[in-house]
Structures are given as structure tokens and as C-alpha cells.
Amino acid sequence: MQLPIYFISDIHLMLKSSQDEHVKIQKLFQFFDFVSKSGGTLIIGGDLFDFYYEYPYVIPKQYFEVYTQIYQLQKSGIEVHYLLGNHDYWTMDFLSNKLNMIIHEDDMDFEINGKKFHLTHGDGLLSWERGYRTVKTILRHKFFIWLFRWLHPTIGYRFAEWVASRSRHFEHSEEHNEKVRKELMRVATPVIENGIDYFLTGHYHQHTEEKIGNGTLIILGEWIKTFSYAVFDGEKLELRKFS
Ligand SMILES: [Mn+2]
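Throughout, residues of each chain are indexed from 1 in the direction in which the sequence is written. In view of the model being predicted, local features appear only for residues whose pLDDT reaches at least 70, and side-chain atom pairs are presented and counted only at 80 or more, with totals across whole chains, interfaces and linings using the full set of residues. Heavy atoms from the whole structure form the basis of all side-chain values; hydrogens and water molecules are not counted.

## With respect to the overall build of the chain
Working step 1: In DSSP terms, a helix is any run of H or I states spanning at least four residues, a strand is any run of E spanning at least two, and both are numbered starting from the N terminus. Along the chain, the regular secondary structure elements total 7 helices and 11 strands.
Working step 2: The globule rule used here is 2.2 Å times the number of residues to the 0.38 power, and the radius of gyration it is set against is calculated over C-alpha atoms. The C-alpha radius of gyration computed for the chain amounts to 17 Å, which stays within 12% of the reference 18 Å derived for 243 residues, consistent with globular compactness.
Working step 3: Three labels apply to residues, based on accessible area from a 1.4 Å probe with only protein chains included: buried if under 20% of the type maximum, exposed if over 50%, partly exposed otherwise in between. Looking at the 243 residues of the chain, the share that counts as buried comes to 50%.
Working step 4: Throughout, a residue-residue contact means that at least one pair of heavy atoms, one from each residue, lies within 4.5 Å. Within the chain, contacts between residues at least 6 apart in sequence are counted, and of these 69% link residues at least 24 apart.
Working step 5: Just so you know, the count uses Lys and Arg for positive and Asp and Glu for negative, and it drops His and the chain ends. Taken as the charge centre is NZ of Lys, CZ of Arg, CG of Asp or CD of Glu, depending on the residue. Side chains of the chain give 27 positive and 32 negative charges; the mean places of these two sets differ by 3 Å.

Set out below in C-alpha cells:
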């Protein structure tokens, strides 16, 4: 991986156009432009799309501009990694074969300049998410994915939109965020004690940095209101807002 390494997560590109969506996409393209000028690597930590399900011959058309921008970014020499989230797990070969994204179905572990990274999307990590962990296993099961394919795409997508809209808690109280933060620190501690320098997670839609012993927990934030990203320059990792 080339330095610097950029991390973003939870962009939640929507299936319907709107003014907010337009602003978000323009901002995202400016960010891609910024990354392409600096060179390096872009790692997307999941939930780039609010819903993505690919069929053997069919891809969602709403994200056309995003596909072309990622294609350009990759053409400009940026390696683009994509760790799939709970909203966009159901990819096939389009993103890897046509856009040359490097797809990761599971957590990523890598080492650069003697620093060890662990990146996870983060859904299902919390102690009170036991029920969700079962749901996650089903949704990612080959049989479920195969079964979903036989729904007509219009029905499949409408159903998924309905589910996504029900699980969409983009705004949380500070009290809730604090509880999640404490829990993620508990989860990250043994990983960091095992020698990881940076434990990065998406999904929780808050951007925070917490020191744990010799390591750091980074919650990446989102691209709905905050537009946050992390960057590793080879020595240190910083959490920033894109403006
Ligand atoms: Mn998520």
C-alpha cells in the first residue's frame, strides 16, 4: 500500500436523489480529487452505499457517477480498498473486475512502517447486539443471498429500502454515543494489547479517537453531516474533517 493511507466510512449513498444527497456526492468527489492529487491509498470501511445488491447481470444504476469517479480515481494511480459493511455486503464481481476495487469481505489487518492496523466495519461488536449477530449470519449466508436473487429487483430493492429506513438511526444522543464508545474501548483493548497500534471501526456514525495503552481506537464517523476521514502519513494517524 502506498502512503498516505486515507480511511473513510459510512457514506450511505442513497437510492433516491435529493438536495442533501447532491451535496454529499459533490463533497465526496472533491475528496476523491484531493486523494488523487496527493496519491496513496484509499480504504473505504463499509456502507459506501445505503443499499447495494448485485445480480449476475445487473447492477444498481443510481450509483453510476460514483462508479465512474472511483474508476477515475483508480486510473489516477490510487489503490482503492473496500471493506464491505452491513448495508453493502452483497457485491459480486462488478466492483472488483470493472472498477478494480480490492474487496474485503472481512476485517483487514495490515502493517505499514512498523505500525499495525486492524480495520473492521464494526456492526455486531457490541455486547448487547447478540440478536443482530444472528441476523448478520443469515444475511451473509450464501443460501440467503441466492434466495434473494430470485426476487424481482424492483421488489428486492423496495424491500431493502424499507428495511434500511427502519434501521436508520443516523442521529444519536450523546449519552448513547458515550455508551457505544465505552463498549468499543472494551472490545478494542485486548486487540491493542495483542500488538495492534490502530483499531479502526466504522458503522457507529461518530468520529472519535481514544488512547488505549500503546494503541488508539478510531471511530471513523460518517459522510452525512460530519464528512470525517482519517489519514496515516507513515508516522502518525490523524482524524480530520473534510472541508
Ligand atoms: Mn454500518
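## Thoughts on the pairing of strand E1 (residues 5–8)
Working step 1: Burial along E1 is two-sided: the face carrying Ile5 and Phe7 and the face carrying Tyr6 and Ile8 are both buried.
Working step 2: The rule for pairing is simple: two strands pair if DSSP sees at least two bridges between them. In this sheet, strand E2 (residues 41–44) lies alongside E1 in parallel orientation, the contact comprising 4 bridges. Counterpart to Ile5 in the pairing with E2 is Thr41.
Working step 3: For the crossover that starts at E1, traverses helix H1 (residues 19–38) and ends in the parallel E2, the hand is right-handed.
Working step 4: Here E1 pairs with strand E10 (residues 228–232) via 3 bridges, running antiparallel. Directly across from Ile5, in E10, lies its bridge partner Phe232. If the strands point away from the viewer and the path from the first strand over the helix to the second runs clockwise, then the crossover is right-handed.

## Concerning the pairing of strand E6 (residues 115–120)
Working step 1: For strand E5 (residues 108–112) and E6, the ladder comprises 5 bridges, and the chain directions are antiparallel. Paired with Phe110 across the bridge in E6 is Phe117.
Working step 2: Between the antiparallel neighbours E5 and E6 lie 2 residues, among them Asn113 with a positive phi of about 50°.
Working step 3: In terms of strand pairing, E6 meets strand E7 (residues 198–201) through 4 bridges, oriented parallel. Bridged to His118 within E7 is Phe199.

## Describing the coordination of the manganese ion
Working step 1: Distances from the manganese ion to its protein donors, Asp47 (OD), Asn86 (OD1), His121 (NE2) and His203 (ND1), fall within 2.0 to 2.2 Å.
Working step 2: Here the donor residues for the manganese ion map to a single chain with the spacing D-x38-N-x34-H-x81-H. Linking Asp47 in the loop between E2 and helix H2 (64–75) with Asn86 in the loop between strand E3 (79–83) and helix H3 (94–98), this pair joins segments that are 39 residues apart in sequence. Note: metal donors comprise N, O and S atoms at 2.8 Å or less from the metal (3.2 Å for Na, K and Ca); water molecules are not included, so apparent gaps in a site are possible.

## Quick notes on the packing of aromatic side chains
Describing an aromatic ring pair means giving the distance of the ring centres and the angle of the ring planes.
Working step 1: Paired rings are identified among Phe, Tyr and Trp, the last through its six-membered ring, by centres lying within 6.5 Å, and are further divided according to the angle between planes into stacked (under 30 degrees), edge-to-face (over 60) and tilted (the rest). Going through the model one piece at a time under the given rule, you end up with 34 aromatic pairs.
Working step 2: On the numbers, 6.1 Å between centres and 90° between planes, the contact of Tyr6 with Phe31 is edge-to-face. Of this pair, Tyr6 sits in strand E1 while Phe31 sits in helix H1, and the two are 25 residues apart along the sequence.
Working step 3: Through a chain of ring-to-ring contacts, three or more aromatic side chains come together here, namely Phe51, Tyr53, Tyr55, Tyr89, Trp90, Phe144, Phe148 and Tyr157.

## Some words on the side chain of Thr226
Working step 1: Structurally, Thr226 can be placed in the loop between strand E9 (215–220) and E10.
Working step 2: The class of Thr226 is buried, set by a relative accessible area of 17%.
Working step 3: We call two N or O atoms a polar contact when they sit within 3.5 Å, provided that within protein one can donate a hydrogen and the other can accept it, with sequence-adjacent residues counted only if both atoms are side-chain atoms. Looking at Thr226, its side chain comes within polar contact range of the side chain of Glu222, at 2.5 Å.

## A short note on the sheet that holds E3
Working step 1: The mixed open sheet is built from 6 strands, whose spatial order is E4-E3-E2-E1-E10-E11. Where the open sheet ends on each side, the last strands, each with one partner, are strand E4 (102–104) and strand E11 (237–241). The average undirected angle you get between the axes of adjacent strands in this sheet is 20°.
Working step 2: Contacting E1, E2 and E10, H1 crosses the sheet at an angle of about 165° to E1. Axis lines are fitted to C-alpha atoms, over the contacting stretch for helices. Their N-to-C directions set the angle, which ranges from 0 to 180 degrees.

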